[in-house]
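Chain and residue survey
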Amino acid sequence: EDGAIAVRSKAVHEVAAGDGIRGWIVSSRHGILASATLHNTRQSLDVDRIEVRAGETLDFVVDYNANLNSDQFLWAPEIRTLGESHAVSDSTALVWNAERDFAGPKQAMLGPWEQLAQVLLLSNEFLFVD
(Lines give C-alpha, C1' and ligand atoms only; values in the text may rest on other atoms or scores of the structure.)
Protein backbone atom coordinates (compact mmCIF):
# COMPACT_ATOMS: atom_id res chain seq x y z
CA GLU A 1 0.00 0.00 0.00
CA ASP A 2 1.06 3.60 -0.38
CA GLY A 3 2.54 5.38 2.63
CA ALA A 4 5.66 6.62 4.30
CA ILE A 5 8.32 4.52 6.03
CA ALA A 6 11.57 4.96 7.93
CA VAL A 7 14.50 2.53 8.00
CA ARG A 8 16.82 2.07 10.98
CA SER A 9 19.79 -0.25 10.75
CA LYS A 10 23.37 -0.76 11.81
CA ALA A 11 25.73 -2.64 9.49
CA VAL A 12 28.67 -4.33 11.19
CA HIS A 13 31.93 -5.72 9.77
CA GLU A 14 34.07 -7.00 12.67
CA VAL A 15 37.07 -8.54 10.93
CA ALA A 16 40.47 -6.88 10.54
CA ALA A 17 41.46 -9.22 7.69
CA GLY A 18 40.40 -8.45 4.13
CA ASP A 19 39.24 -5.07 2.87
CA GLY A 20 35.66 -4.92 4.10
CA ILE A 21 32.22 -4.73 2.54
CA ARG A 22 29.95 -2.27 0.77
CA GLY A 23 26.27 -1.93 1.59
CA TRP A 24 23.32 -0.10 0.04
CA ILE A 25 19.65 0.50 0.68
CA VAL A 26 18.04 0.72 -2.76
CA SER A 27 14.49 1.69 -3.72
CA SER A 28 13.05 0.49 -7.03
CA ARG A 29 11.56 3.96 -7.53
CA HIS A 30 14.04 6.35 -5.86
CA GLY A 31 17.38 4.57 -6.43
CA ILE A 32 20.12 4.48 -3.80
CA LEU A 33 18.84 5.79 -0.45
CA ALA A 34 21.89 5.06 1.72
CA SER A 35 25.30 3.49 1.26
CA ALA A 36 28.42 2.71 3.27
CA THR A 37 31.80 1.02 3.01
CA LEU A 38 32.86 -0.77 6.18
CA HIS A 39 36.09 -2.41 7.26
CA ASN A 40 36.37 -3.62 10.85
CA THR A 41 33.77 -1.08 11.96
CA ARG A 42 30.03 -0.45 12.30
CA GLN A 43 27.88 2.23 10.73
CA SER A 44 24.24 3.26 10.78
CA LEU A 45 22.40 3.02 7.48
CA ASP A 46 19.20 4.94 8.10
CA VAL A 47 16.50 6.50 5.96
CA ASP A 48 14.50 9.06 7.96
CA ARG A 49 11.50 9.15 5.64
CA ILE A 50 10.60 7.86 2.19
CA GLU A 51 7.26 7.80 0.43
CA VAL A 52 6.52 4.34 -0.97
CA ARG A 53 3.85 3.08 -3.33
CA ALA A 54 2.20 -0.31 -3.64
CA GLY A 55 4.47 -2.70 -5.56
CA GLU A 56 7.67 -0.75 -4.88
CA THR A 57 10.60 -2.76 -3.52
CA LEU A 58 13.25 -1.85 -0.99
CA ASP A 59 16.46 -3.89 -1.28
CA PHE A 60 19.28 -4.25 1.24
CA VAL A 61 22.39 -5.11 -0.77
CA VAL A 62 25.84 -6.18 0.45
CA ASP A 63 28.91 -6.87 -1.70
CA TYR A 64 32.57 -7.47 -1.01
CA ASN A 65 34.68 -4.34 -1.33
CA ALA A 66 37.55 -5.30 -3.65
CA ASN A 67 38.69 -8.78 -2.64
CA LEU A 68 36.72 -11.80 -1.51
CA ASN A 69 38.31 -12.28 1.92
CA SER A 70 36.76 -12.18 5.40
CA ASP A 71 33.55 -10.48 4.25
CA GLN A 72 31.18 -11.76 6.95
CA PHE A 73 28.85 -9.10 8.28
CA LEU A 74 25.84 -8.44 10.52
CA TRP A 75 22.96 -6.28 9.32
CA ALA A 76 19.36 -6.48 10.54
CA PRO A 77 17.34 -3.50 9.25
CA GLU A 78 14.08 -2.39 10.81
CA ILE A 79 11.33 -0.83 8.68
CA ARG A 80 8.65 1.24 10.41
CA THR A 81 5.55 2.88 8.95
CA LEU A 82 5.16 6.58 9.62
CA GLY A 83 1.69 7.78 10.57
CA GLU A 84 0.14 11.23 10.46
CA SER A 85 2.43 12.46 13.22
CA HIS A 86 5.49 11.56 11.10
CA ALA A 87 7.23 10.34 14.25
CA VAL A 88 9.51 7.31 14.09
CA SER A 89 8.58 6.44 17.69
CA ASP A 90 4.80 6.34 17.02
CA SER A 91 3.36 3.39 19.01
CA THR A 92 0.73 2.62 16.32
CA ALA A 93 3.35 2.11 13.59
CA LEU A 94 3.79 -1.27 11.90
CA VAL A 95 7.34 -2.58 12.37
CA TRP A 96 9.29 -5.23 10.45
CA ASN A 97 12.57 -6.33 12.00
CA ALA A 98 14.83 -8.54 9.86
CA GLU A 99 16.40 -10.33 12.81
CA ARG A 100 13.10 -11.12 14.50
CA ASP A 101 10.73 -11.55 11.56
CA PHE A 102 12.89 -13.14 8.84
CA ALA A 103 15.16 -15.51 10.75
CA GLY A 104 13.64 -18.80 9.57
CA PRO A 105 12.78 -21.77 11.75
CA LYS A 106 14.94 -22.55 14.77
CA GLN A 107 17.16 -25.59 14.43
CA ALA A 108 16.10 -28.50 16.62
CA MET A 109 18.86 -29.67 18.94
CA LEU A 110 19.63 -33.35 19.47
CA GLY A 111 18.30 -34.89 22.67
CA PRO A 112 20.55 -36.82 25.09
CA TRP A 113 19.90 -40.23 23.49
CA GLU A 114 20.40 -38.81 20.00
CA GLN A 115 23.70 -37.25 21.09
CA LEU A 116 24.85 -40.59 22.51
CA ALA A 117 23.95 -42.37 19.25
CA GLN A 118 25.88 -39.72 17.28
CA VAL A 119 28.98 -40.17 19.46
CA LEU A 120 28.84 -43.96 19.16
CA LEU A 121 28.47 -43.80 15.37
CA LEU A 122 31.51 -41.53 15.14
CA SER A 123 33.71 -43.73 17.35
CA ASN A 124 36.56 -45.77 15.89
CA GLU A 125 34.74 -49.05 16.50
CA PHE A 126 32.01 -48.02 14.04
CA LEU A 127 34.17 -46.13 11.54
CA PHE A 128 36.84 -48.76 11.00
CA VAL A 129 35.66 -52.31 10.35
CA ASP A 130 38.38 -54.97 10.54
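Use the structure listed above.
The paragraphs below set out a description of the structure included in this document. (Residues numbered from 1 in each chain as written. Predicted model: local features only at pLDDT ≥ 70, side-chain atom pairs only at ≥ 80, totals over all residues. Heavy atoms only, no water.)

Counting secondary structure elements, the protein chain contains three helices and 10 strands. Ordered by position from the N terminus, the helices and strands of the protein chain form the series β-β-β-β-β-β-β-β-β-β-α-α-α. In summary, the protein chain has a C-alpha radius of gyration of 22 Å against a globular reference of 14 Å for 130 residues, an excess of more than 25%. Projected onto the principal axes, the alpha-carbon positions of the protein chain cover approximately 75 × 40 × 25 Å. A buried classification covers 25% of the 130 residues belonging to the protein chain. By sequence separation, contacts in the protein chain at least 24 residues apart represent 64% of the contacts at least 6 residues apart. Here the protein chain holds 10 positive side-chain charges and 19 negative ones, and the gap between their average locations is 8 Å. (Helix = DSSP H or I, 4+ residues; strand = E, 2+ residues; numbered from the N terminus. Rg over C-alpha atoms; globule rule 2.2 N^0.38 Å. Buried < 20%, exposed > 50% of the residue type's maximum accessible area, 1.4 Å probe, protein only. Contact = heavy atoms within 4.5 Å. Lys, Arg positive; Asp, Glu negative; His and termini not counted. Charge placed at Lys NZ, Arg CZ, Asp CG, Glu CD.)

Here we take up the packing of aromatic side chains. According to the stated counting rule, one finds one aromatic pair in the structure shown. Taking 5.7 Å as the distance between ring centres and 85 degrees as the angle between the ring planes, the aromatic pair formed by F60 and W75 counts as edge-to-face. Taken together, the positions of F60 in strand β7 (residues 58-64) and W75 in strand β8 (residues 74-75) put the pair 15 residues apart, joining distant regions of the chain. With relative accessibility at 30%, the residue F60 sits in the partly exposed group. Exposure remark for W75: the relative accessible area of 15% places this residue in the buried category. (Phe/Tyr/Trp six-rings, centres within 6.5 Å; stacked < 30°, edge-to-face > 60°.)

The next thing to look at is the pairing of strand β3 (residues 21-27). Residues I21, G23, I25 and S27 line the buried face of β3, whereas the alternating positions R22, W24 and V26 sit on a face that is not buried. Sheet topology note: the β3/strand β4 (residues 31-38) ladder contains seven bridges and is antiparallel. Paired with I21 across the bridge in β4 is L38. With antiparallel pairing between neighbouring strands as the criterion, β3 and β4 make up a hairpin whose turn holds three residues. Two elements, β3 and β7, share seven bridges in a ladder whose sense is antiparallel. Within β7, the position partnered with W24 by the bridge is V61. (Pairing = 2+ DSSP bridges.)

Time to look at the nonpolar core. Grouped together as the largest cluster of nonpolar side chains are 14 residues, with contacts concentrated most on I25 and L45. For this core, the secondary structure elements donating two or more residues are β1 (3-8), β3, β4 and β6 (47-52). Among all residues touching L45, those that are not within four sequence positions of it are V7, R8, S9, A11, I25, A34, S35, A36 and W75. (Core = buried A, V, L, I, M, F, W, Y, C linked by side-chain atoms within 4.5 Å.)

Read across the open sheet, the three strands follow the order β5-β2-β8; overall the sheet is antiparallel. Each edge of the open sheet is held by one strand with a lone partner, namely β5 (41-44) and β8. Of the strand pairs in this sheet, strand β2 (residues 10-13) and β5 are connected by four bridges, and their pairing is antiparallel. Residue pairing in the sheet places K10 in a bridge with S44 of β5.

Moving on, we come to a nonpolar patch on the surface. On the surface, a nonpolar cluster with roughly 600 Å² of combined accessible area is contributed by W113, L116, L120, L121 and F126. Element by element, the count of residues in the nonpolar patch is highest for helix α2 (residues 112-122), at four residues. Structurally, L116 can be placed in helix α2. (Patch = residues over 30% accessible without salt bridge, like charges linked within 9 Å, V, L, I, M, F, W, Y side chains within 5 Å. Areas by Shrake-Rupley, 256 points an atom, 1.4 Å probe, with all protein chains shown as cover. Salt bridge = Lys/Arg side-chain N within 4 Å of Asp/Glu carboxyl O.)

Keep in mind these values describe shape, not function.
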